[in-house]
Every structure is written in C-alpha cells, then in structure tokens.
Amino acid sequence: MSGFQRIAVLGSTGSIGESTLDVIARHPDRLAVYALSAHSRMEKLAQQARASGARVVVVPDDAARQRFFQAWPDRTPLPEVRVGASALADTAADPDCDTVMAAIVGAAGLPSALAAARAGKRVLLANKEALVAAGSLFMAAVRDHGAELLPIDSEHNAIFQCLPHGDRAAAPTRPAAGVRRLILTASGGPFRDRDPAELHGITPAQACAHPNWSMGRKISVDSATMANKGLEVIEAHWLFAMPRERIEVLIHPQSVVHSMVEYEDGSVLAQLGQPDMRTPIAYGLGFPERLASGVGLLDLARWGRLDFEKPDLRRFPCLGLAFDALSAGQGACIALNAANEIAVDAFLHDRLPYTRIPQVIAETLEWHAGRPSVTLNHLDDVLAEDAAARAHAAGSVPAVAS
C-alpha cells in the first residue's frame, strides 16, 4: 500500500497498540492515527488520543465515555467518541480509515476484525481469535472483499517474510509452491526448564514474568503454558493454507529466530531480529516497503549461540491440545480458545491453580466432542458456539479448583 495511511488502532492501550503508536509517530509523513479504542483504561486512551491527534475514539459503554470525558483536558477539542461493539465494527469499516490494527485481545476482537476484512481494508492482525475461532469465515472475507491481511504475531510475520509473494498480501487457498513445512519458534516462557511436578503452586506473578518479551498478563500466561503457540499453530494453518502435519514447533530460548520456512530443496529461510514487536508492526504498516521501527541492531556476536529443542508435552500439555483441536475441526478450535480464556482469567484471579488450566481445556474439548456438529457459516454461529463453550468451561472451573 503506497501513499498516506490513516490507521485505526483497535486495542490501543495494550502492548501491541502502544508499540503501533510508537511506529506511527516515527513516520508523520506517511502514517496518521484515525481512530483508537480501549476497553477500560480511559485515562491512557485520552493521553493517546491527545498525543496522536486521533479523530475518533471508541469506548465500550456510557460509563467509559464519562470516564474518558473526565480524563480529557478543558479547552481541548474532543475527538468524536463512539460507544459500543457495533460502533467498534463500524469504525473498523469506516471509509475514512485505510488500515486497521486488530489488537483487541480475545474473542471480543473478532467482529471488528471481520468488519475490517469485509470492508476491504489492510488488516494488521494481532488478534489470534479471528483465525482460531473463525478461520474459514475470516479468510473467505479477506478473499471475497479484496482485503489485505498481514499477520503481526512475530512468528507469523516471520513466516510471511520468508514466503514468496508479490507486493500485495493475499489469502492463499493452498500452500506456497515448494514449501515443505513451517517451523514456529517458541521461547518456552519462564518454566521451560522447570520440572512439571513443581508447577502446581505457580503464581500469576511468576507466570507473567516472561524472560524475553514485554506482554500483557493474559498472553504472558499463554506463553508460559504454550497455549499461545498452540493457537499460533491453528493460525498458521489458516494464514498459509498449511496442513497440520506440516507445521512444527521448536523451543528457541533466545527469541532471536522468530520462525522458519523449510523448502523442498532443503533450504530453510529464517527471519531474525530483536524480540521487539515494533519490527513486525513496522513491516505490516510499510509493506511491501520497509519502515524504520526504532528497534536496535541485532548483534549476533553478543548472543554467541542459538539453541533449539522439541517441546515437552508433559510440561506443555496445552500445545498438544491445540494440535488435537486443529485435527478435530473449527468447532473444537473455538472450544479450545474459549476454555483457555476462561481458565487463564480464573488463574489470574487466584481461582484456579496453574496446572488446572490444561485440565479445563481438555474437559471442554471432551464436552465439545460429545455435542452434535454445527455449521459455522456466519459470525453469529461462531459467537454462539464460543458462548456455549465459555459457559461450560466456566462451570468446570470451581469443580477443579483445588
């Protein structure tokens, strides 16, 4: 996409949103903020809107709107304040917006990401659930409406950079020619060397202490359990039309190699860089050109060595459950994601032990397997399936909290 871009940053107060605003601010000649959204941090949203000159902000309800007004300084012109989920989707599809950074965490970000795709936008996808819960629906929307889809997760962005493509990001229907397999790397999180028998008493603070990346609490826990890598396997299946058996995961503690693509001739292409999300964000904003991101140079001599190992599924059962869900189909992937969100939230609020997170997921997948199959041709179908899985997972949390 050449020329000046007007960008909606959905989920602007999270870590991805803040990094996006940092990159945008470095390129005032070609990038500008059109809209921002946040769920709860209204003071932070007001600060961001003032600094970026956003024309629109989107908040979840009237109470949040009042908090936003209270945080806004007197005598400063207000941006347009839109309220509610429908306003969020409308903003993602707004004709005054060119590019949408879809960075809302969880299934709540799905409708707006889908609205952006249906409006033919450039979609910078940092929301896993759009593909995990609605991969077929979302990719069809990208293809049918001529949208551009650029993955922002560091792993998928790395794979995208290592695959052949032209100057437009497309939604493939089959694997790229000559590709043998995709190799997703994972840091292994803070417990990669911990005996699985010692994990029961893990606290939220310990689980959120990621050794390499600065992330929000939910994604930090997902990294510790490697549930995030399982979700990324499902995403890679949809993003790159790659069968499950041709996607692999390797633990790479240094987080320097962000992922790899192996070709039929034996070549392996890898994308390397500092563990800083501004790199994939700048790539998505500038594609097919490259923009300065503010990320420092990679000094490989300082690293000295790069290590790789296969993940131990006894330590990381959530990863195995994700592969199982991908084999079982879209409904199972919805159940996996919903149960993980419920379980992680319970853990972060001290209502569920760390080691029970995969048990809640496994029990929800077992419940799903016993249900009649449903057709998932519409967003309402996906959201109904998600709600049912969340209700079941929530009901199982007290039963296993011990």
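The model shown is predicted, which means the values in this text are computed figures rather than measured ones. (Residues numbered from 1 in each chain as written. Predicted model: local features only at pLDDT ≥ 70, side-chain atom pairs only at ≥ 80, totals over all residues. Heavy atoms only, no water.)

Concerning a nonpolar patch on the surface
Here's step 1: Side chains of Leu272, Leu300, Leu306 and Phe308 sit close together on the surface and give an oily, nonpolar patch of about 310 Å² of accessible area.
Here's step 2: Looking at the secondary structure, you find Leu306 in the loop between α13 (300-303) and α14 (317-328).
Here's step 3: When its relative accessible area of 31% is taken as the criterion, Leu306 is described as partly exposed. (Patch = residues over 30% accessible without salt bridge, like charges linked within 9 Å, V, L, I, M, F, W, Y side chains within 5 Å. Areas by Shrake-Rupley, 256 points an atom, 1.4 Å probe, with all protein chains shown as cover. Salt bridge = Lys/Arg side-chain N within 4 Å of Asp/Glu carboxyl O. Helix = DSSP H or I, 4+ residues; strand = E, 2+ residues; numbered from the N terminus. Buried < 20%, exposed > 50% of the residue type's maximum accessible area, 1.4 Å probe, protein only.)

Describing the pattern of salt bridges
Oppositely charged side chains are able to pair whenever their charged atoms sit close together.
Here's step 1: On inspection of all chains with the given rule, the structure shows 28 salt bridges.
Here's step 2: Glu289 serves as the salt-bridge partner of Arg30, at 3.2 Å between the closest nitrogen and oxygen. You can see Arg30 sitting in the loop between α1 (15-25) and β2 (31-37) and its partner Glu289 sitting in the loop between α12 (278-286) and α13, a full 259 residues away along the chain.
Here's step 3: Among the ionic pairs, Lys128 bridges to Glu232, the shortest N-O distance being 2.9 Å. On the criterion of sequence distance, the pair formed by Lys128 in the loop between β6 (122-125) and α6 (129-132) and Glu232 in helix α11 (residues 227-239) is long-range, its members being 104 residues apart. Here Lys128 matches Glu232 in class, with each residue buried.
Here's step 4: Through salt bridges with shared partners, a single ionic network connects Lys128, Asp153, Glu155, Lys229, Glu232 and Glu235.

Some thoughts on the sheet that holds strand β8 (residues 179-186)
Here's step 1: Strand order in the open sheet formed by four strands is β9-β8-β10-β11, with mixed pairing between adjacent strands. Edge positions in the open sheet fall to β9 (247-251) and β11 (268-272), since each of these has one partner strand only. Sheet twist, expressed as the average angle between the axes of neighbouring strands with direction ignored, equals 20 degrees.
Here's step 2: With respect to the sheet, helix α8 (residues 154-162) is in contact with β8, β10 (257-263) and β11, its orientation differing from that of β10 by roughly 40 degrees. (Pairing = 2+ DSSP bridges. Axes fitted to C-alpha atoms, helices over the stretch in contact; angles between N-to-C directions. Contact = heavy atoms within 4.5 Å.)

Structural notes on the layout of surface pockets
By rolling a water-sized probe across the atoms, one finds the places where empty space is left.
Here's step 1: Its volume calculated, the second largest pocket comes out at about 300 Å³.
Here's step 2: Along the walls of the second largest pocket sit 20 residues, with Phe160, Leu163, Pro164, Ala170 and Pro172 positioned nearest its centre.
Here's step 3: Where the lining of the second largest pocket is concerned, the elements lending two or more residues are β7 (148-151) and β8.
Here's step 4: Looking at side-chain class alone, the lining of the second largest pocket contains 17 nonpolar, one polar and two charged residues. (1 Å grid on protein atoms, 1.4 Å probe; cavity = no way out; pocket = protein on both sides within 12 Å on 5 of 7 lines; lining within 4 Å. Points joined across faces, edges and corners; volume = space filled by probe spheres on them. Nonpolar A, V, L, I, M, F, W, Y, C, P; charged D, E, K, R; others polar.)

Comments concerning the environment of Phe323
Here's step 1: Locating Phe323 in the fold gives a position in helix α14.
Here's step 2: For Phe323, a relative accessible area of 13% gives the class buried.
Here's step 3: Spatially, the C-alpha atom of Phe323 lies 35 Å from that of Leu297, the residues being 26 residues apart in sequence.

Notes on empty space enclosed by the protein
Here's step 1: A complete count under the given rule lists two cavities of 30 Å³ or more for this structure.
Here's step 2: Computed from the structure, the largest cavity encloses a volume of approximately 50 Å³.
Here's step 3: In this structure, the largest cavity is lined by ten residues; those nearest its centre are Ser154, His258, Gln271, Thr279 and Pro280.
Here's step 4: Going through the elements one at a time, α8 and α12 are the ones with two or more residues in the lining of the largest cavity.
Here's step 5: By residue class, the composition of the lining of the largest cavity is two nonpolar, seven polar and one charged.
Here's step 6: What the second largest cavity holds in volume is close to 30 Å³.
Here's step 7: Around the second largest cavity sit Ala227, Leu231, Cys318, Ala322, Leu336, Asn340 and Ile361, which together line it.
Here's step 8: Elements supplying a minimum of two residues to the lining of the second largest cavity: α11, α14 and α15 (330-348).
Here's step 9: A class-by-class count of the residues in the lining of the second largest cavity yields six nonpolar, one polar and no charged.

These values are about where atoms sit, not about what they do.
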